[in-house]
Amino acid sequence: MDLGYAGRVAVVTGGTSGIGLATAKLLLAEGARVAICGRDAGRLEAASALLGSERLLAMRCDVLDAAQVAAFAQAVAEWGGGSLDLLVNNAGQGRVSTFGNTSDADWRQELDLKFFSQILPIRAFKPLLDKAAAPAIVAVNSLLALQPEPHMVCTSAARAGVQSLMKSLATEFAPRIRVNSILLGLVDSGQWQRRFAARADQSQTREQWYSALANEKKIPLARLGEPEEPARAILFLGSPAASYITGASLEVSGGVSRHI
Ligand code: NDP
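Being a predicted model, the structure only gives us computed values, none of them experimental.

Caption draft 1: Looking closely at the packing of aromatic side chains. Scanning the model with the defined rule gives six aromatic pairs in all. When the centroid spacing of 5.6 Å and the interplanar angle of 85 degrees are considered together, the rings of phenylalanine 72 and phenylalanine 125 count as edge-to-face. Here phenylalanine 125 lies in helix α4 (residues 104-129) and phenylalanine 72 lies in helix α3 (residues 66-80), a separation of 53 residues in the sequence. Look at phenylalanine 72 and you get buried, because its relative accessible area is 1%. Judged by centre distance (5.1 Å) and plane angle (85 degrees), the ring pair of tryptophan 209 and tyrosine 210 falls under edge-to-face. For the pair tryptophan 209 and tyrosine 210, a shared accessibility class is recorded, and that class is buried. Through a chain of ring-to-ring contacts, three or more aromatic side chains come together here, namely Trp192, Phe196, Trp209 and Tyr210. The ring of tryptophan 192 has arginine 195 sitting right over it, with the charged end atom 4.4 Å from the ring centre. When the ring centre of phenylalanine 196 is taken as reference, the NZ or CZ atom of arginine 199 above it lies at 4.1 Å.

Caption draft 2: Region of the structure containing the site of the ligand. Residues in close proximity to the ligand total 29 residues, the closest being Thr16, Ser17, Arg39, Asn90 and Ser189. In the environment of the ligand, an oxygen atom lies 3.5 Å from a nitrogen or oxygen atom belonging to the backbone of glycine 18. For the ligand, an oxygen atom lies 2.8 Å from a polar atom in the backbone of valine 187. Protein burial of the ligand: of its 890 Å² of free accessible surface, 94% is covered by the chains.

Caption draft 3: Highlighting the domain arrangement of the protein chain. The domain architecture assigned to the protein chain consists of domain 1 (9-187 + 228-252) and domain 2 (188-224). Taking only C-alpha atoms, the centre of domain 1 and the centre of domain 2 are 25 Å apart. Contacts between the two partners involve ten residues from domain 1, matched on the other side by twelve residues from domain 2. In this assembly, domain 1 packs against domain 2 so that about 800 Å² is buried in total across both faces, 49% of it on carbon and sulfur atoms. Ranking the residues of domain 1 by area buried against domain 2 places Leu186, Val187 and Glu229 at the top, with a combined share of 61%. Counting across the domain 1 and domain 2 interface gives one salt bridge.

Caption draft 4: Quick peek at the environment of glutamate 110. Among the secondary structure elements, glutamate 110 is positioned in helix α4. Once the C-alpha coordinates of glutamate 110 and arginine 199 are considered, the two residues, 89 residues apart in sequence, prove to be 24 Å apart. Those residues in contact with glutamate 110 that sit more than four places away from it in its chain are Gln93, Arg95, Cys154, Thr155 and Ala158. Separated by 2.6 Å, the side chains of glutamate 110 and lysine 114 make a polar contact.

Caption draft 5: Seen up close, helix α2 (residues 41-51). Of all the residues in α2, the buried ones are Leu44, Ala47 and Leu51. One side of α2 holds all its buried residues, which, seen down the axis, span an arc of 65 degrees. Among the exposed residues of α2, those pointing more than 90 degrees away from its buried face are Glu45, Ala49 and Leu50. Buried residues along α2 sit in contact with α1 (18-29), β2 (33-38) and β3 (56-60). Glycine 52 occupies a position one or two residues after α2 and carries a positive phi of about 45 degrees.

Caption draft 6: Geometry of the packing of α3 against α4. Their axes nearest at 9 Å, the elements α3 and α4 cross at an angle of 25 degrees. One element, α3, and the other, α4, form an angle in the roughly parallel class. Between α3 and α4 lies a crossing whose hand is right-handed. Residues Ala66, Val69, Phe72, Ala73, Val76 and Ala77 of α3 form the contact with α4, whose participating residues are Leu120, Pro121, Ala124, Phe125 and Leu128. Its residues placed into classes, the contact of α3 with α4 shows eleven nonpolar, no polar and no charged.

About the thresholds
- Residues numbered from 1 in each chain as written.
- Predicted model: local features only at pLDDT ≥ 70, side-chain atom pairs only at ≥ 80, totals over all residues.
- Heavy atoms only, no water.
- Phe/Tyr/Trp six-rings, centres within 6.5 Å; stacked < 30°, edge-to-face > 60°.
- Helix = DSSP H or I, 4+ residues; strand = E, 2+ residues; numbered from the N terminus.
- Buried < 20%, exposed > 50% of the residue type's maximum accessible area, 1.4 Å probe, protein only.
- Lys NZ or Arg CZ within 6 Å of the ring centre and 35° of its normal.
- Near = heavy atom within 4 Å.
- Polar contact = N/O pair within 3.5 Å; in protein donor to acceptor, adjacent residues only side chain to side chain.
- Areas by Shrake-Rupley, 256 points an atom, 1.4 Å probe, with all protein chains shown as cover.
- Domains from an automatic or database assignment.
- Contact = heavy atoms within 4.5 Å.
- Buried area = accessible area lost by both parts, 1.4 Å probe.
- Salt bridge = Lys/Arg side-chain N within 4 Å of Asp/Glu carboxyl O.
- Arc of directions from axis to C-beta.
- Axes fitted to C-alpha atoms, helices over the stretch in contact; angles between N-to-C directions.
- Parallel < 35°, antiparallel > 145°, perpendicular 65-115°, else oblique.
- Left-handed = near helix turned anticlockwise from the far one by under 90°.
- Nonpolar A, V, L, I, M, F, W, Y, C, P; charged D, E, K, R; others polar.

Written out as structure tokens, the structure is:
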């Protein structure tokens, strides 16, 4: 299926690692022009080298800093010809904590991250999306939005709020901009690689650690997802192939959700 990305302009926040990097790679392979951002200069440089495309713009930008996001949007406007076809709000990370050990400051930080990593890029890029023929926003969210976990209490609550926000925006921005999200289970990316590196039993091999994790989480497909797997779902939802889909969420979880 031709997803129709040739010549289109896409932004992927947090495009220097994991799912964002895989999404940027697939978009470039489909012929899109892609702008990525991240906070760490070294990771940006490594991602640019790996992606190695003249259709890539890589810029340092913390999505929680309104001035930096505005500067990123300005750079994309100049580089991309003044319009934007796809915004993928992917930047972020989860927080492992229970109600008992989450401080007020932790709550505020997590709610800030989850909401403003959506709000600031959407506000800054909306004028460019408004100028595209068939624009779309895809939010990278988590199954925790529907299936909260007590050991990730504030991330789960914030994720549910983000789903609500996306549903509201799908209506407010209709019929011009489609707004959808993907709901992830466990995907083998930067954050899991960091947790593997910090594993309690350092004698466990990578295979043993990941297989025990998939078993513990009761993932029907018996493994973690690879970053390219959610990336393919993002490309579909963001493309004209999904032209009648808005306000929807697509689970990419290896079947781990328990609801129907
Ligand atoms: P990675 O850690 O591999 O990648 C995260 C990316 O986001 C990096 O490029 C990072 O770059 C960037 N980033 C983080 N914070 C900011 C910020 N404030 N401003 C700009 N860029 C930022 O993680 P994943 O690929 O796993 O995560 C992608 C998204 O998927 C995240 O939102 C995550 O919460 C979500 N998710 C992932 C799951 C999983 O199992 N992997 C499960 C559920 C949700 P830098 O640090 O240099 O800024």
